[in-house]
Structure formats: C-alpha cells, structure tokens
Amino acid sequence: MIVYVHTVDKPSHPHIKYLYDAAAREFWTSIPDGTLEEKPWMAFIEALKAKFGKLNTAVEKGLFYILVNTPGQQGTSFSKRKDRDVLVRMEAFTRMIKWFGPATLDDQGFIKKVETLISGSRAHKHKASWFAGYMEQSEARSALRTQPEGTFLVRFSATLQDEGGFALEVALTDDEQVSFHIKSQPERGLLYFPEGDHRDDGFLSLVDLIDRLRTVEISSECPIILAGPCPNLPFSSETAGYNVSRRT
C-alpha cells in the first residue's frame, strides 16, 4: 500500500496523488519557487541539478520539450527558458514520471531513460530520431503517408497518457498506416507491447522494444519489420546535434 504524505503548510492538489513515486513527490514539493501546481522552469531544472548533478545539454533540452512544450503550450523556445513565465506544471511532471520512471539516478530513473531515448533512438545508420513526442495520430499518419513500408515513429499516446503509454505508428504499402499501443507499468519500470510473440515480454525502455522490432516481425497479422524512422519529427529536431554517450 502506498501512503501519500502531504505537508501541512502547502495545499493539496489533485495531481499529487498520481505521483506514485515517493521520491518524485518529495522532489516536486521541495522546489522552493512557484506553487504546488506549477514551478518556473529554471527553479525546476536548478533543483534537479542540485539533486542529481550536472545534466547533459541534450537531456536538458529533451526534458524541456517533454515538460514545457505540452499540448496547448507548444512553441516555447529553449532559448527562452530563463523567462519567469516558462513553467513546468505538476500534470506534465506526473505524466513524465509515468512515461519514463521515478526520480532516481539509476537506470530506472527518468533522467537515464530520457538520455537513453535520445541516444538510442539515433543509434542506427539514421541520424534522425524515431521518437516524435507530442503528435496527434492524424499528424503521424499524414507524416507517414508517402514513406516506404516499415517507416515508423513512436509518440506519446493521447488515450494512454495517464497510464504512461505510447503509440507505435508504422507505414504500410499503398499509403496506409497501422497503429499499436505500447503499454506501461511505471511502478515496475517496464513497457509491454501486446502484439504477437512479444506480448509476454517486458522491456526496460522504448529503445529495447524498437531494437527488438527491427529484427523480428511485429506479429503474424502484421508481418512487418521496422525499417527507418519517419523524418522531420518534433522531438528529433529539438534534441538534434548533441552527444549523450556519457554524462558531463
């Protein structure tokens, strides 16, 4: 049983109960600036560095995209990060924890998993990342419409966002596309792909899952092996040009 602890001098907020991870709750409420509902980006990132050490620039830009440029809030440039009105909302932080894991510095923590996503999604011959981030299904299908069979992207799932889920979008022949859900068990730090022979396997990261689907068919009903990433994806452009092979 999870016991939720609230400080007596700060008001409760409905999203605090969704921070299943005690370390994440403690970290969020310890940020001195802002309110319980939202924190200035600079206060958030300085608190993160104070707790976990210096962050790689690519990871910082990736976190900025995930936490600040949320649906309805897109368009904030990283160059504007020091502005006082650039905010991280508790809702966004809560969802990031569900997507990428707890507020720890080990391999299960969100910092390492975002770092792995940025580097691992570019690890093949293609320099572009296959991760799209925030993208509607209609936008994904439009981007894939003229791409070769097997071209793919992974995006945040709008229908599974509160469960930490993703969506895999794949181009087929004749300008058709197919979608698959990637489900999450954030408390265990595992992802599940409920298709074909993969349905019983847990994956530690999106990179591990995609690497599997680059070598074996998705399922007997969809005998496709993933090929190259869809070009011109938003998360790819936000994190382009940075080496995250090691922490600095």
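Before any of the text, the structure's been laid out above.
Position numbers for residues count from 1 along each chain, tracking the sequence in the order it is written. The predicted nature of this model means local features are confined to residues of pLDDT at least 70 and side-chain atom pairs, given and counted, to a pLDDT of 80 or more, with totals for whole chains, interfaces and linings taken over all residues. Excluded from the side-chain calculations are hydrogens and water; all other atoms, namely the structure's heavy atoms, are used.

### Some remarks on the nonpolar core
To form a nonpolar core, buried Ala, Val, Leu, Ile, Met, Phe, Trp, Tyr and Cys residues must be joined to one another through side-chain atoms within 4.5 Å. For the exposure calls, accessible area comes from a 1.4 Å probe over protein chains only, and a residue counts as buried if that area is under 20% of its type's maximum, exposed if over 50%, partly exposed in between. Membership of the largest hydrophobic core comes to 62 residues, with the highest contact counts inside it found for F100 and L168. We count a stretch as a helix when DSSP gives it H or I for four or more residues in a row; a strand needs E for two or more, and each element gets its number in order from the N terminus. The greatest single-element share of this core, amounting to eight residues, is contributed by helix 3 (residues 57-68). Between two residues, a contact is recorded if the distance between any of their heavy atoms is within 4.5 Å. Contacts of L168, omitting those with residues within four sequence positions, involve F152, L153, V154, V178, S179, F180, I182, F193, I210, L213 and L226. One finds A132, M135, L144 and A171 within the second-largest nonpolar core, a separate group that totals eight residues.

### So, the pairing of strand 5 (residues 166-171)
Taken across its six residues, strand 5 has six buried, putting it largely inside the fold. Of the two faces of strand 5, both are covered, the one formed by F166, L168 and V170 as well as the one formed by A167, E169 and A171. By this definition, two strands are paired if DSSP reports at least two bridges between them. Direction of pairing for strand 4 (residues 152-156) relative to strand 5: antiparallel, over a ladder of five bridges. Bridged to R155 within strand 5 is A167. As paired strands, strand 5 and strand 6 (residues 177-185) are joined by six bridges and run antiparallel to one another. Each residue of the ladder has a partner; that of F166, found in strand 6, is I182. Here strand 5 folds back onto strand 6, and the loop between the two strands holds five residues, one of which, D174, carries a positive phi near 60°.

### Topic: helix 1 (residues 22-30)
The set of residues buried in helix 1 consists of A24, R25, F27 and W28. Buried residues of helix 1, seen end-on, are gathered within an arc of 165° and therefore sit on one face of the element. Packed against the buried residues of helix 1 are strand 1 (38-40), helix 2 (41-52), strand 2 (87-89) and helix 4 (90-100). Directions from the helix axis toward the C-beta atoms define the arc.

### Structural notes on the pattern of salt bridges
We define a salt bridge as a contact between a side-chain nitrogen of Lys or Arg and a carboxyl oxygen of Asp or Glu at a distance within 4 Å. Applying the stated rule across the entire model yields nine salt bridges. In this structure, E115 and K112 form a salt bridge, with 3.4 Å as the shortest nitrogen-oxygen distance. Of the two residues, E115 and K112 are both situated in helix 5 (residues 110-120); the distance of three residues between them amounts to about one turn of the helix. In this structure K112 comes out as partly exposed when scored by relative accessible area, which is 31%. A salt bridge links R155 to E169, with the nearest nitrogen and oxygen atoms 2.8 Å apart. Linking R155 in strand 4 with E169 in strand 5, this pair joins segments that are 14 residues apart in sequence. The residues R155 and E169 share a single accessibility class, namely buried. If you follow the salt bridges from partner to partner, you end up with E91, R95 and D162 in one network.

### Some words on the packing of aromatic side chains
Stacked, tilted and edge-to-face are the three classes applied to pairs of Phe, Tyr and Trp rings, where Trp contributes its six-membered ring and a pair requires centres within 6.5 Å; stacked means planes under 30 degrees apart, edge-to-face means over 60, and tilted covers the rest. Counted according to the given criterion, the structure contains 22 aromatic pairs. Put simply, the rings of F27, W28, W41, F44, F64, F78, F93 and F110 pair up and form one aromatic cluster. The ring centre of W28 lies 5.7 Å from the NZ or CZ of K39, which sits over that ring. Put simply, a charge is over a ring when the Lys NZ or the Arg CZ is close to the ring centre, within 6 Å, and near the line of the ring normal, within 35 degrees.

### So, the side chain of N69
Along the chain, the position of N69 falls in the loop between helix 3 and strand 2. Among the residues examined, N69 registers a relative accessible area of 4% and is labelled buried. If near-sequence neighbours (up to four positions away) are discounted, N69 is found in contact with F64, Q74, G75, T76 and Y134.

### Considering the sheet that holds strand 8 (residues 202-203)
Across the sheet, which stays open at both edges, the six strands sit in the order 3-4-5-6-7-8 with mixed pairing between neighbours. The sheet is open, and its two edges are formed by strand 3 (131-133) and strand 8, each paired on a single side. Sheet analysis places strand 7 (residues 190-192) next to strand 8, joined by two bridges and oriented antiparallel. In the sheet register, Y192 faces strand 8, and the bridge partner there is G202.

### Topic: the packing of helix 3 against helix 4
The axes used here are C-alpha line fits, helices contributing only the stretch in contact, and every angle between their N-to-C directions lies in the interval 0 to 180 degrees. Between helix 3 and helix 4, the shortest axis-to-axis distance is 9 Å and the interhelical angle comes to 120°. Considered as vectors, helix 3 and helix 4 are oriented oblique to each other. Residues L63, I66 and L67 of helix 3 form the contact with helix 4, whose participating residues are A92, F93, M96 and F100. Polarity classes work like this: nonpolar for Ala, Val, Leu, Ile, Met, Phe, Trp, Tyr, Cys and Pro, charged for Asp, Glu, Lys and Arg, and polar for all others, with Gly in that last group. The residue inventory of the contact of helix 3 with helix 4, partitioned by class, reads seven nonpolar, no polar and no charged. Comment on the angle field: the value is read as roughly parallel under 35 degrees, roughly antiparallel over 145, roughly perpendicular from 65 to 115, and oblique elsewhere.

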